[in-house]
Each structure stands twice: as C-alpha cells, then as structure tokens.
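Chain residues, written in single-letter form:
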Amino acid sequence: MKKVQAARWMVAAGMATVLGLTGCTGAPARTPGSQQGSAQAAPAKKTAAQKAAGLYREVLANPMKYFAHLEESRQTEGVAFEYALVEATGDDIPELLVRASGPAETWNGISDILPFTVNEDGSELIVSPVWLNDGVAGVGGFRGSVMASAYGNGLLASEVSSGTGEGTVHRYAWNEDVHPQSTVCEMQVGKESPVADLVQSEFVDIEWEAIPADEAGIDGLEDLSMLADGSWEPTAYRSEKALADIASELGLVVLSGTLHEVNDQGIVDLQGMPSPNPITDELTMHALLQLDNPVTLTAMSGDGMSSREGEAKFVLLDRDVSDLDWGAYQGKHVTVAIDPKMAFWPSDTSLPVGEPRLMRGGVAVLSVDK
C-alpha cells in the first residue's frame, strides 16, 4: 500500500430540486412549467489514477525542478530527460521514473534516475529520497543498470566494479522503512552462479521515452492518457511462475526465518550458549538467519573436500557487513534462496558454533514480510 501523506479528498455533492405543488382550495393552482426544478449535476470525482496522471504530467512539464542538483554541479548544458511508467508497488497505479543524462565529458557516462509515486488516493506526489544510477563510467569503474521487476516488486539496481568484477543487486521499494534500498544478492562477473541466474530471471528492461519539449507533446503522451482513462496495464509480470519455484529448479534451497544483523555477542545470545572464543571485536556485524524451524541441509565439509548432511537452526549469510548491506532486513521475516554448493559446515569453533555459513554470492533474498 502506498503511504498516505495527505487527507483524502472529499467531494460534496448537492441536489437542489424544486417540486411543483398542486394548489389547495381557494389558492391558485400552479401551471405546468411555471416553476420547474433544476438538478445540478455533481462534478465527477477523479479516480486515483486520473489524479496520478495529472501529477505525473506536471513532473514531465518541468523535470528540472526535481533535478536541482544539476544546476549546483553545472551539469545542465546538454541535459536530456527521458521517462518511463513502471508498476513497482503491486497496485493499479504505475510509478514514474525520470532519467537525466548528458555529455560524457560532464556526466562521465552515468545517468541519474529519480522515481516518483503517489499516495493511496493519488492526490499527492511522493518524490524518492534516493537517486538511482545507470551507465558505464568512463572514469572510476562504475557499471550500473536499473531494471523493472518481473513481479512488480520494486526496482532492481545492479552495480558492478569493472576492476574487480564484484557486484551487488539492490531492490528499491516504496515503504515506510528508513532503508528504501535492500540487498538482493552479491555476484561476481564471469562466474557461473545459479543465484545470479535466479536474480537475473526477475530483470525486465525498462523502455525509456524522451520527454517532449512542449506542452502539446506532453498532452499527447499515450501512456498518460491510458493511465487517466484506466486502460494502462503493466506488461512486466511473470505471474505464471513464482520466484521460489525458479530457485528450486536451479538447485537452490529455499529457507525462511528472521534476519538479524548482529555482532559476535549477539550471535552468542541468539544461540543461547557461552562463546568458546574470546569476543574481541564488538563492532563487527554479521547477517544471521534464524530459521523458523530446524532443517536438514547438505553443505560442504569444513575442509572443502566433501559434503555432509546436518541439522541447521541458523545460517550465517554474510560476515563482516555494514548497515548498508543488511540493515533493511533487521528483525524481519525473510525468505531466501541459498546455493548449497557455496555453503559449508565449520571445522572450528567460529560463530555461530556448528552452524553453516555461506561464501560470497551464495544467497539471494526472495521476499520480506511487511
């Protein structure tokens, strides 16, 4: 549900009707038509989609209003604006994306993308506090892309370092959290990975269109007209197959539980046993999944020479993380897919004691309970 940031509009309608009355004895009767009542039609109440179309049109008519940082960085010369309508919140009203780009000598090959949405009744524009970027940097090694979700579940933003080939996919979602972006998976370019294949199966290319330079061109935009008349429909959904089913087909194991971003002491507390090791670094955080129920997992043995089966109550998803990595999931119930070939049982007393942990790129977050 979209966050309502303004009171709902109310439409008051009145109907004034003057009734013709027959005269009483001794009073003159009114002749037909001498005093006819007139009904005033109440103005039609705009739908949420119609309101959204009007607000989006205002954005497209003056996109620079929302890209004021370009003036501060002197990147306004040669700037070009594009837009797209993408269903990213699972309701009947699409989100508006506006992309700004410019000459390579000033923009370094990177575009700025700003997402917009509306509140629940479509009466108020909600401007994203987060900028997204795509493109290939001429300097700095950044390679990024922004994709739609095949399930209408937010936007997927990937970022890869051209130097190391290491990358991360984040999901941008509209919600009440202070963390609008959350980690989906980590990956390595050039390395085969069913986790990366799973996440990429959700990618849908965004079709960008240039924003017309004049009012008449904006008024003639077909997709805004379709949004206003209720005929706009998303085309990105892959409703015939759930993401968890695709994960299973790729040989991944789907698990559900509560995610904790905790330090070593936090792991000890969750396991409910004393630490066999001195706890020296209280600041280092880890992403730990506490499973709903114990499960039997097959993972690599500690020496990496074979695999073995065992019971797991926790899975260490990521070690030595920052709040930007997993903070959006803190304390939430999530469903993940893990690659058993990238999971291993410990051969020592490292935390969490006796529980499996994953190598980089071994997990993808499928969903999170609201």
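You'll find the structure just up there.
Model, not experiment: these values are computed from the prediction.

As enumerated under the stated definition, the model contains four aromatic pairs in all. Seen in terms of ring centroids, Tyr66 and Phe116 are 5.1 Å apart; in terms of plane orientation they differ by 85°. Their pairing is edge-to-face. Linking Tyr66 in the loop between helix H1 (48-61) and helix H2 (68-72) with Phe116 in strand S3 (residues 110-118), this pair joins segments that are 50 residues apart in sequence. Summarising the burial analysis for this pair, Tyr66 and Phe116 share the class buried.

Turning to helix H6 (residues 222-229), a few remarks are in order. Regarding H6, the residues found buried are Asp223, Leu224 and Leu227. Burial along H6 is one-sided: seen end-on, the buried residues are contained in an arc of 100°. For H6, exposure combined with an orientation more than 90 degrees from the buried face picks out Glu222 and Asp229. Contacts from the buried residues of H6 go to H1, strand S1 (80-86) and strand S11 (209-210). Phi turns positive, to about 85°, at Gly230, one or two residues after H6.

Here we come to unusual backbone geometry. Pro352 follows Leu351 through a cis peptide bond whose omega is -10°. Unlike most non-glycine residues, Asp320 shows phi in positive territory, near 55°. As for its position among the elements, Asp320 is in strand S14 (residues 307-321). Owing to a relative accessible area of 52%, Asp320 belongs among the exposed residues under this scheme.

With that out of the way, let us pick up a negative patch on the surface. A cluster of acidic residues, Asp205, Glu207, Glu209 and Glu222, forms a negative patch at the surface. Within the secondary structure, Glu207 is located in the loop between strand S10 (203-204) and S11. Taking relative accessible area as the criterion, Glu207 reaches 71% and is therefore assigned exposed.

Here is what the cut-offs are and how they apply
Residue positions within a chain follow its written sequence, with the count starting from 1. Residue-level local features of this predicted model are given only where pLDDT is at least 70; pairs of side-chain atoms are given and counted only at 80 or more, and the full residue set underlies all totals for whole chains, interfaces and linings. Only hydrogens and water are set aside when side-chain values are computed; all heavy atoms of the structure are taken into account. Aromatic pairs are defined between Phe, Tyr and Trp rings, using the six-membered ring for Trp, whenever the two ring centres lie within 6.5 Å; interplanar angles under 30 degrees are classed as stacked, those over 60 as edge-to-face, and all others as tilted. Note on conventions: DSSP H or I runs of at least 4 residues are helices, E runs of at least 2 residues are strands, and numbering of each starts at the N terminus. Burial here depends on accessible area, computed with a 1.4 Å probe over protein chains only, as a share of the maximum for the residue type. Under 20% is buried, over 50% is exposed, and the range in between is partly exposed. Directions are taken from the helix axis to each C-beta atom, and the arc is the one they span. Here a residue-residue contact requires only that any non-hydrogen atoms of the pair lie within 4.5 Å. Nonpolar side chains (Val, Leu, Ile, Met, Phe, Trp, Tyr) within 5 Å and like charges within 9 Å form the patches, drawn only from residues with over 30% relative accessible area and no salt bridge. Each accessible area is a Shrake-Rupley result for a 1.4 Å probe, and residues are judged covered by the shown protein chains and nothing else. Should a side-chain nitrogen of Lys or Arg be within 4 Å of a carboxyl oxygen of Asp or Glu, the pair is scored as a salt bridge. Positive charges are assigned to Lys and Arg, negative charges to Asp and Glu, while His and the chain termini are left out of the count. Just so you know, the charge point we use is NZ for Lys, CZ for Arg, CG for Asp and CD for Glu.

By themselves, these are just geometric observations and shouldn't be taken as functional.
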